[in-house]
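# Report on the structure
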Amino acid sequence: MQTFIDAYSWVNIAFLLKGLWLTIEVSVASIILSYIIGAILGLVRYIEVKYLSAIVGFIIDLIRNLPLLLIFFFTYFGLPNMGVRLSILASAILALTIFESAMLAEIIRAGIVSVDKGQMEGARANGMTYWQTLRYIILPQAQVKMIPALVSQFISLIKDTSLATIIMLPELMYHAQIIYGQNSNYIIPMFLALAAMYFVVCYALSLLSRYIEKRVN
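Residues numbered from 1 in each chain as written. Predicted model: local features only at pLDDT ≥ 70, side-chain atom pairs only at ≥ 80, totals over all residues. Heavy atoms only, no water.

## As for the overall build of the protein
Looking only at helices and strands, the protein has nine helices and zero strands in total. Each helix and strand of the protein, placed in order from N terminus to C terminus, yields the pattern α-α-α-α-α-α-α-α-α. Burial status across the protein gives 39% buried among its 217 residues. For the protein, contacts bridging at least 24 residues in sequence account for 76% of all contacts bridging at least 6. For the protein, the computed accessible surface area is about 12300 Å², with 66% contributed by carbon and sulfur atoms. Between the averaged position of the 14 positive side-chain charges in the protein and that of its 11 negative side-chain charges there is a distance of 6 Å. (Helix = DSSP H or I, 4+ residues; strand = E, 2+ residues; numbered from the N terminus. Buried < 20%, exposed > 50% of the residue type's maximum accessible area, 1.4 Å probe, protein only. Contact = heavy atoms within 4.5 Å. Areas by Shrake-Rupley, 256 points an atom, 1.4 Å probe, with all protein chains shown as cover. Lys, Arg positive; Asp, Glu negative; His and termini not counted. Charge placed at Lys NZ, Arg CZ, Asp CG, Glu CD.)

## With respect to a nonpolar patch on the surface
A contiguous nonpolar surface patch, about 1100 Å² in accessible area, is contributed by Y51, I55, F58, I59, L62, L66, L69, L70, F73, F77, L163 and I166. Those elements that place two or more of their residues in the nonpolar patch are helix 3 (52-64) and helix 4 (68-81). (Patch = residues over 30% accessible without salt bridge, like charges linked within 9 Å, V, L, I, M, F, W, Y side chains within 5 Å. Salt bridge = Lys/Arg side-chain N within 4 Å of Asp/Glu carboxyl O.)

Printed below as a string of structure tokens:
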């Protein structure tokens, strides 16, 4: 019992919270960037631009089938060999954005495809252009269908930030490792603290998605 009390000292908790804050910052930045890029890639695949859609599809499939850890290594260790030097924070955000953009592109494409084709045909028959139909009819319906899958992917992204420990990003997992590295008796308490913090953040996001889904519906 004393081990848990000592492990959860204010100094250690404050240190963990500092790591949690960086985890949230990296997650938010990666979510925003990957959603924007993923939406563009998903649209390109959906509208089937000659040659371009096929190239984008190949790149997406390639990235989706690579381990995220490998992408972390590429952005942090590989890019400097190509003359591009990034900070640890920028490398982590770039790696997560690359990986998640490919995942989100498929979610967004599938969401658009799931909208009944009659919606497009009906809107075009009433004089709307292809792009007007896509913007005002198809995408709003698709976004509602995509919410659960998008949120699930965002939650995975938050948990995947722990892999950035490999490039020494001082996020939540890294801070926990420092604490129990100083005292091996703190391993279990730190794992429990990590589980609680990840749960709170991810569960809060899932609750927010449910609220948004209900409001939209």
